[in-house]
Amino acid sequence: MDTIFDMETVALDDENSALLIIDQTQLPYHKEILHLKDQESIWDAIYLLKVRGAPAIGVAAGFGIYLAAKEIEEQDFDAFYEKFKRAKDYLDSARPTAVNLSWALNRMDAVVLANREKTVGQIKQLLLAEANEIKREDIRVCKTIGENGLSLLKPGMGLLTHCNAGQLATSKYGTATAPMYLGQEKGYGFRVFCDETRPLLQGARLTAYELMEAGIDTTLLCDNMAPSVMRQGLVDAVFVGCDRVAKNGDTANKIGTSYVAIAAKNYGIPFYVCAPTSTIDMDCESGGDIHIELRPAEEVTEMWYEKRMAPEGVKVYNPSFDVTDAQFITAIITEYGIAYPPFDVSLKEIFEKKSKAQND
Ligand SMILES: CSC[C@@H](O)[C@@H](O)C(=O)COP(=O)(O)O
């Protein structure tokens, strides 16, 4: 168990009824696998960002709700479903912004409802199969996003990313990092700048760590440095992940993403959002409808310091995400192709392509 690539971000130990995750709050210095056996610890792991990143949260939710279902003793469908629904709503409340959490739980719910004529034992087996499929799909989807993203790049380019939309935020490859990893395999020699991403430093602790483990030329930036390196001509393209993309292309991602997008537009640098279709919410009209998670003040004032840094009693505003307006986004890279503005048209086409592929 040497590098992050030998470990799985999220896995199921069915025999011992446990969800296994790498504790991301301990990285990069401690590689610890947590064995989560009850719903409260799974909820906590999501809320406390031990498992994080939209796709990885979705995979964890799939396995998590399967484990909850497995524990339900009732054999009568209605009694089983009542408890299942309660467990689903509970997990769904762990974090509000990444749509993959409710997307995965709704997918599992649909399996239960479509099989109400079967025995509860059979339904549990179908839930296991669906949770495994959510994970397998995530791996396939990230690889295809990587190939689509790489088609836009040339060897030797300078790339910039914000937050962690890497292997640790997904089951494999990541989304924004997938073109970087695939490029590395082909000897593209990218130079990657990663923003530290305050307040939780996912860029410094996680992205820098995983890119370096893959042997990629990595430079860490404080969050206020991106415009400076862009002005010096060191950045040819920006790649970021996302937590929810609205129908019009407005995109919620980790706080700070929107200012990177605004700076990129100012310097004429393409700004790409890497989005599995599971993260595109066609029921959400625009960024204004996205629920932005507010997190505890201590993450800003205390968490990364030996003693409290900010004055006692200061008011703190700590939103976890911001919305990048569609006008600053050059393209949205999905597993079904690359969507260009106007996004209300191109995203619709992406979903038409998806439903055609699923029906063929
Ligand atoms: C492929 S992960 C995409 C996003 O989920 C990621 O960039 C991000 O914003 C994660 O936020 P986090 O609060 O760490 O879960």
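What counts and what doesn't
Residues numbered from 1 in each chain as written. Predicted model: local features only at pLDDT ≥ 70, side-chain atom pairs only at ≥ 80, totals over all residues. Helix = DSSP H or I, 4+ residues; strand = E, 2+ residues; numbered from the N terminus. Buried ≥ 20, exposed ≤ 12 C-beta atoms within 10 Å, placed from the backbone. Near = placed C-beta within 6 Å. Nonpolar A, V, L, I, M, F, W, Y, C, P; charged D, E, K, R; others polar. Domains from an automatic or database assignment. Pairing = 2+ DSSP bridges. Axes fitted to C-alpha atoms, helices over the stretch in contact; angles between N-to-C directions. Contact = placed C-beta atoms within 7 Å. UniProt positions renumbered as here; feature names shortened; annotations may be inferred. Parallel < 35°, antiparallel > 145°, perpendicular 65-115°, else oblique. Left-handed = near helix turned anticlockwise from the far one by under 90°. Right-handed = clockwise from strand over helix to strand, strands pointing away. Core = buried A, V, L, I, M, F, W, Y, C linked by C-beta atoms within 7 Å.

As a further point, take the overall build of the chain. Helix and strand content of the chain: 11 helices and 14 strands. Judged by the C-alpha coordinates and their principal axes, the chain covers about 65 × 55 × 40 Å. Considering the chain as a whole, with its 360 residues, one finds that 47% of them fall into the buried category.

This paragraph deals with the site of the ligand. Taken together, the neighbourhood of the ligand is formed by 19 residues, with Arg-52, Ala-165, Ala-169, Gly-241 and Lys-254 sitting nearest. Listing elements by their share of the shell around the ligand, those giving two or more residues are helix H2 (54–71) and strand S9 (251–254). Residue composition of the shell around the ligand, grouped by class: 8 nonpolar, 8 polar and 3 charged. Each of domain 1 (4–141) and domain 2 (153–359) accounts for three or more of the residues forming the shell around the ligand.

Right, let's get into the sheet that holds strand S3 (residues 33–36). One open sheet accounts for 3 strands, arranged S1-S2-S3; its pairing is antiparallel. The outermost strands of the open sheet, each flanked by one partner alone, are strand S1 (10–13) and S3. Sheet twist, expressed as the mean angle between neighbouring strand axes with direction ignored, is 25 degrees. Across 4 bridges, the pairing between S1 and strand S2 (residues 18–22) is antiparallel. Of the residues in S2, the one forming a bridge with Ala-11 is Leu-20. Along the sheet face, helix H1 (residues 39–47) touches S2 and S3 and points at about 140 degrees away from the line of S3.

Another aspect to go through is the UniProt feature "binding site: substrate" (unreviewed entry) in the chain. UniProt's entry tags Arg-52, Gly-53, Ala-54, Arg-95, Gln-202, Asn-253 and Lys-254 with the feature "binding site: substrate" (unreviewed entry), counted in the numbering of this structure. What makes Gly-53 buried here is the crowd of 30 C-beta atoms within 10 Å. Among all residues touching Gly-53, those that are not within four sequence positions of it are Asn-164, Ala-165, Leu-168, Ala-169 and Thr-170. Tracing the chain through its elements places Gln-202 in helix H7 (residues 202–213). With near-sequence residues (within four places) excluded, Gln-202 lies in contact with Cys-163, Asn-164, Thr-197, Thr-207 and Lys-254.

This part covers the domain arrangement of the chain. Domains assigned within the chain are domain 1 (4–141) and domain 2 (153–359). The partner domain 2 presents 30 residues to the 26 residues of domain 1 that form the contact. At the level of elements, H2, helix H4 (99–114) and helix H5 (120–150) are the ones that each hand at least two residues to the side of domain 1 that touches domain 2. If you tally residues by element for the side of domain 1 that touches domain 2, the top one is H2, at 5 residues.

Here we take up the sheet that holds strand S11 (residues 280–281). Taken together, 4 strands build an open sheet; the order of strands is S11-S8-S9-S12 and the sheet is mixed. The open sheet has two free edges, formed respectively by S11 and strand S12 (321–324), since each of these has just one partner strand.

Okay, the UniProt feature "site: Transition state stabilizer" (unreviewed entry) in the chain next. Feature annotation in UniProt places "site: Transition state stabilizer" (unreviewed entry) on Cys-163, given in this structure's numbering. Looking at the secondary structure, you find Cys-163 in the loop between strand S4 (158–161) and helix H6 (178–185). With sequence-adjacent residues up to four places away left out, Cys-163 is seen in contact with Thr-197, Gln-202, Gly-203, Val-240, Gly-241, Asn-253 and Lys-254.

Moving on: the packing of H2 against helix H3 (residues 77–92). Relative to each other, H2 and H3 sit at 150 degrees, their axes nearing to 10 Å. Taken together, the axis directions place H2 and H3 in an arrangement best described as roughly antiparallel. In this structure, the crossing between H2 and H3 has a hand that is right-handed. Counting all contacts with H2, which are made through Ala-61, Gly-64, Ile-65, Ala-68 and Ala-69, the residues of H3 involved are Phe-84, Ala-87, Lys-88 and Leu-91.

Put simply, Leu-27 and Pro-28 share a cis peptide bond, and its omega is 10 degrees. By secondary structure assignment, the location of Pro-28 is in the loop between S2 and S3. Cis geometry is found at the peptide bond from Pro-341 to Pro-342, where omega equals 0 degrees. Within the element layout of this structure, Pro-342 appears in the loop between strand S14 (337–339) and helix H11 (343–359).

Further remarks concern the pairing of strand S6 (residues 217–221). One ladder, built from 5 bridges, connects strand S5 (residues 191–195) with S6; its direction is parallel. Within the sheet, the bridge partner assigned to Asp-195 lies in S6 and is Leu-221. Running through H7, the crossover from S5 to the neighbouring parallel element S6 is right-handed.

Between H2 and H4, the least distance of the axes is 7 Å, while the angle of their chain directions is 30 degrees. Both H2 and H4 take part in a crossing whose hand is right-handed. Contacts from Ala-54, Pro-55, Ile-57, Gly-58, Ala-61, Gly-62 and Ile-65 of H2 reach H4 at Asn-100, Leu-101, Trp-103, Ala-104, Leu-105 and Met-108. In terms of residue class, the contact of H2 with H4 is built from 10 nonpolar, 3 polar and no charged.

Moving on: the nonpolar core. Membership of the largest hydrophobic core comes to 109 residues, with the highest contact counts inside it found for Ala-60, Val-238, Val-273 and Cys-274. No other element matches the 12 residues that H2 contributes to this core. Formed jointly, this core draws a minimum of three residues from each of two domains, domain 1 (4–141) and domain 2 (153–359). Sequence-distant contacts of Cys-274, defined by excluding residues within four places in its chain, comprise Ile-145, Gly-149, Ala-165, Thr-175, Ala-176, Ala-178, Phe-239, Gly-241 and Ile-333.

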